Amino acid sequence: MRYVRLTVGALLISAGCNIGIYSDATSLSSSSESEGLPTSDETDPTTTTETGGETEATTEPETESETGSTSSDASESESSAAICGDGVVAGAEACDDGNDDNYDDCLDDCTLASCGDGFVQIGVEACDDGNDIETDDCLPSCELATCGDGVVRDGEEECDDGNSSNEDGCLNSCVAAYCGDGYLNKDAGEGCDDGVNNNQYGSCAFDCSKWSIRCGDGEVQEEYGEQCDGESPSVNVPCKPDCHYDFRDVPQLYCYGSCSWAGPNGCDIQDAHVFCKLLTGNPNSEATSYEIALPKDTDGFACANPLVHPVHPEKPPTEENGWLYTDPRIDLGGPFEDYNVPHKPVYYVDYSMVDTHGADTHVLLPPLCTNP
């Protein structure tokens, strides 16, 4: 409530008027109405009170409808205003973690982190370059581009077919396939590709169209050290993929009399050394001990002397064929220089050594061999 204190004497003097003091509130009110002045009901709520020669003016309090609602609305508006970074999610904010770190799941503008926003979300994204270009170092999925992802990177990859095959038009290194890369590209019509392609023994033609002479072509190339190629002439001695015989399981070597393989006639340490070289395929192998025995009723290395005529069990010499001998020995070729076996030929029999060479002769059993 506001109070206004008026000094009546001062008012009268300053006005220069001879006005009586009204003590009757009704008369004052009537006078105001007759003169066209606003009444107390029409003016602001001030009440004049005479006290000891002074007049007090009292102002009535403003009503709540005029001022209270405005103040309350302003207070509520201020309390509900969103402030990004205060740690409280409000208003249009999608998040608010109270920091300015753009590498967590809430950005400093209070939006949720997402692939493509240009910030690498730690532990979630491998990269984020903020674009949707597939041919740069970061894919639109926010994964690092790599050879094999099926997307060709500009300036870094020639191709990228996204598979693990080296026998198509694109190698696993993301380099385009070519004649000489060492991989057979059947789609391009290559017949071979060994990475050398010099058209020499064991290699491919210059244009990758076909193989040159090599182990595996079915022809024995003795000048290149082949002993066999494909099917072996002996059922008991297989031909290995490297075109050499596998003698590891040969049970005996015939060396009686003039059939010796090395040294003087008969079986001795020199024959045992030759046997070791054949068994191991090692030209430096030697026998440390050996055993001479009677022939076994099975296959083995035959007499090395071409002039000796073993008996063919299925085709013995008879009067009908003029008592001619049919040699049962199989010529395995030779000399085997890579085995350090100079004999030519190296003979073998698939029949019983007893039947072909006789029971009262001598053979060497497999000796103990070094294999340096």
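Parameters at a glance
Residues numbered from 1 in each chain as written. Predicted model: local features only at pLDDT ≥ 70, side-chain atom pairs only at ≥ 80, totals over all residues. Heavy atoms only, no water. Helix = DSSP H or I, 4+ residues; strand = E, 2+ residues; numbered from the N terminus. Buried < 20%, exposed > 50% of the residue type's maximum accessible area, 1.4 Å probe, protein only. Contact = heavy atoms within 4.5 Å. Areas by Shrake-Rupley, 256 points an atom, 1.4 Å probe, with all protein chains shown as cover. Disulfide = S-S within 2.5 Å. Polar contact = N/O pair within 3.5 Å; in protein donor to acceptor, adjacent residues only side chain to side chain. Salt bridge = Lys/Arg side-chain N within 4 Å of Asp/Glu carboxyl O. Phe/Tyr/Trp six-rings, centres within 6.5 Å; stacked < 30°, edge-to-face > 60°. Lys NZ or Arg CZ within 6 Å of the ring centre and 35° of its normal. Core = buried A, V, L, I, M, F, W, Y, C linked by side-chain atoms within 4.5 Å. Patch = residues over 30% accessible without salt bridge, like charges linked within 9 Å, V, L, I, M, F, W, Y side chains within 5 Å. Pairing = 2+ DSSP bridges.

Trainee: What am I meant to see in the overall build of the protein here?
Mentor: Summing up its helical and strand segments, the protein has five helices and nine strands in all. Going from N to C terminus, the protein has its helices and strands arranged as β-α-α-β-β-α-β-α-β-β-β-β-α-β. Out of the 372 residues belonging to the protein, those deemed buried represent 32%. Taking the intrachain contacts of the protein between residues at least 6 apart in sequence as the baseline, contacts between residues at least 24 apart amount to 41%. Total accessible area on the protein is roughly 22100 Å²; 50% of this is exposed by carbon and sulfur atoms.

Trainee: Would you explain the state of the cysteines in this entry?
Mentor: Simply put, disulfide is the name for a covalent bond between the sulfur atoms of two cysteines. Scanning the model with the defined rule gives 13 disulfides in all. A disulfide bridge connects Cys84 with Cys110, and the sulfur atoms are separated by 2.1 Å. Looking along the S-S bond of the Cys84-Cys110 disulfide, the torsion reads about 105 degrees, which is the right-handed sense. One end of the pair, Cys84, is in the loop between helix 3 (64–80) and strand 4 (253–254); the other, Cys110, is in the loop between helix 3 and strand 4, and 26 residues separate them in sequence. By relative accessible area, Cys84 is classed as partly exposed at 38%. Classification of Cys110 by relative accessible area gives buried; the value is 4%. Across a sulfur-sulfur distance of 2.1 Å, Cys159 and Cys170 are joined as a disulfide pair. The chirality of the disulfide connecting Cys159 with Cys170 is right-handed, given an S-S dihedral of about 90 degrees. Within this pair, whereas Cys159 is found in the loop between helix 3 and strand 4, its partner Cys170 is found in the loop between helix 3 and strand 4, the two being separated by 11 residues in sequence.

Trainee: Looking at this model, I keep getting lost on the environment of Asp194. Mind explaining?
Mentor: Tracing the backbone through its elements, the reader meets Asp194 in the loop between helix 3 and strand 4. Here the alpha-carbon distance between Asp194 and Tyr183, two residues 11 residues apart in the chain, equals 7.0 Å. Once residues lying within four places of it in the same chain are set aside, the contact partners of Asp194 are Gly182, Gly202, Ser203, Cys204 and Trp211. One polar contact links the side chain of Asp194 to the main-chain amide nitrogen of Val196, over a distance of 2.9 Å.

Trainee: It is not clear to me how the side chain of Ser212 should be interpreted in this structure. Could you clarify?
Mentor: Within the fold, Ser212 resides in the loop between helix 3 and strand 4. Side-chain polar atoms of Ser212 contact the backbone oxygen of Asn199, separated by 3.2 Å. Polar contacts involving the side chain of Ser212 include one to the main-chain carbonyl oxygen of Gln200, which spans 3.3 Å. When sequence neighbours within four positions are dropped, the list of residues in contact with Ser212 reads Asn199, Gln200, Tyr201, Ser203 and Cys204.

Trainee: I keep staring at the pattern of salt bridges and nothing clicks. Help me out?
Mentor: Where charged atoms of side chains with opposite charge meet at close range, the side chains can pair. In total, this model carries five salt bridges according to the counting rule given. Put simply, Arg153 and Asp137 hold a salt bridge, and the shortest N to O gap is 3.8 Å. Of the two residues, Arg153 sits in the loop between helix 3 and strand 4 while Asp137 sits in the loop between helix 3 and strand 4, which places them 16 residues apart along the sequence. For Arg153, a relative accessible area of 13% gives the class buried. A salt bridge links Asp327 to Arg329, with the shortest nitrogen-to-oxygen separation between them at 2.8 Å. Asp327 gets classed as partly exposed once you look at its relative accessible area, which sits at 34%. When salt bridges with common partners are traced through the structure, they connect Asp137, Arg153, Glu156 and Glu157 into a single cluster.

Trainee: Looking at this structure, how should I read unusual backbone geometry?
Mentor: Trans peptide bonds make up the majority, and among non-glycine residues the majority have a negative phi. At the junction of Gly334 and Pro335, the peptide bond is cis and its omega measures out at 0 degrees in the coordinates. Note that Pro335 resides in the loop between strand 7 (330–331) and strand 8 (347–349). If you check the backbone angles, Cys142 has positive phi at about 65 degrees while not being a glycine. Along the chain, the position of Cys142 falls in the loop between helix 3 and strand 4.

Trainee: I would appreciate a short explanation of the packing of aromatic side chains in the present structure.
Mentor: Remark: the centre distance and the inter-plane angle together describe each pair of aromatic rings, the angle taken between the planes. Per the counting criterion, the structure on display carries 10 aromatic pairs. Taking 4.2 Å as the distance between ring centres and 5 degrees as the angle between the ring planes, the aromatic pair formed by Tyr201 and Tyr224 counts as stacked. Of this pair, Tyr201 sits in the loop between helix 3 and strand 4 while Tyr224 sits in the loop between helix 3 and strand 4, and the two are 23 residues apart along the sequence. A residue is classified by how much of its surface remains accessible, and Tyr201, at 27% relative accessible area, is partly exposed. On the basis of relative accessible area, Tyr224 is assigned to the partly exposed category, the value being 44%. Three or more aromatic residues joined by ring pairs form one cluster here, namely Tyr245, Phe247, Trp261, Phe275, Phe301, Phe336, Tyr339 and Tyr348. Above the ring of Tyr347, the side-chain terminus of Arg329 is found at 4.2 Å from the ring centroid.

Trainee: Any chance you could explain the nonpolar core here in plain terms?
Mentor: Generally speaking, a soluble globular protein has its nonpolar side chains buried in company with each other. Formed by 28 residues in total, the largest nonpolar core has its most connected members in Phe247, Val250, Trp261, Leu278, Phe301 and Phe336. Leaving out residues up to four positions away in the same chain, Phe247 has contacts with Gln227, Val237, Leu278, Leu279, Phe301, Leu332, Phe336 and Tyr339.

Trainee: How should I be thinking about a nonpolar patch on the surface in this particular structure?
Mentor: Nonpolar side chains collect at one region of the surface, where Ile269, Tyr290 and Ile292 lie side by side and expose about 230 Å² of accessible area between them. With respect to the secondary-structure elements, Ile292 resides in strand 5 (residues 287–293).

Trainee: Please clarify how the pairing of strand 9 (residues 363–369) should be interpreted in this entry.
Mentor: Looking down a regular strand, the side chains alternate between one sheet face and the other. The sheet contact formed by strand 4 and strand 9 spans two bridges and is antiparallel. Counted as the bridge partner of Leu253 is Leu364 from strand 9. Bridge count for strand 5 against strand 9 is five bridges, and the pairing is antiparallel. If you follow Ala293 over to strand 9, its bridge partner there is Val363.

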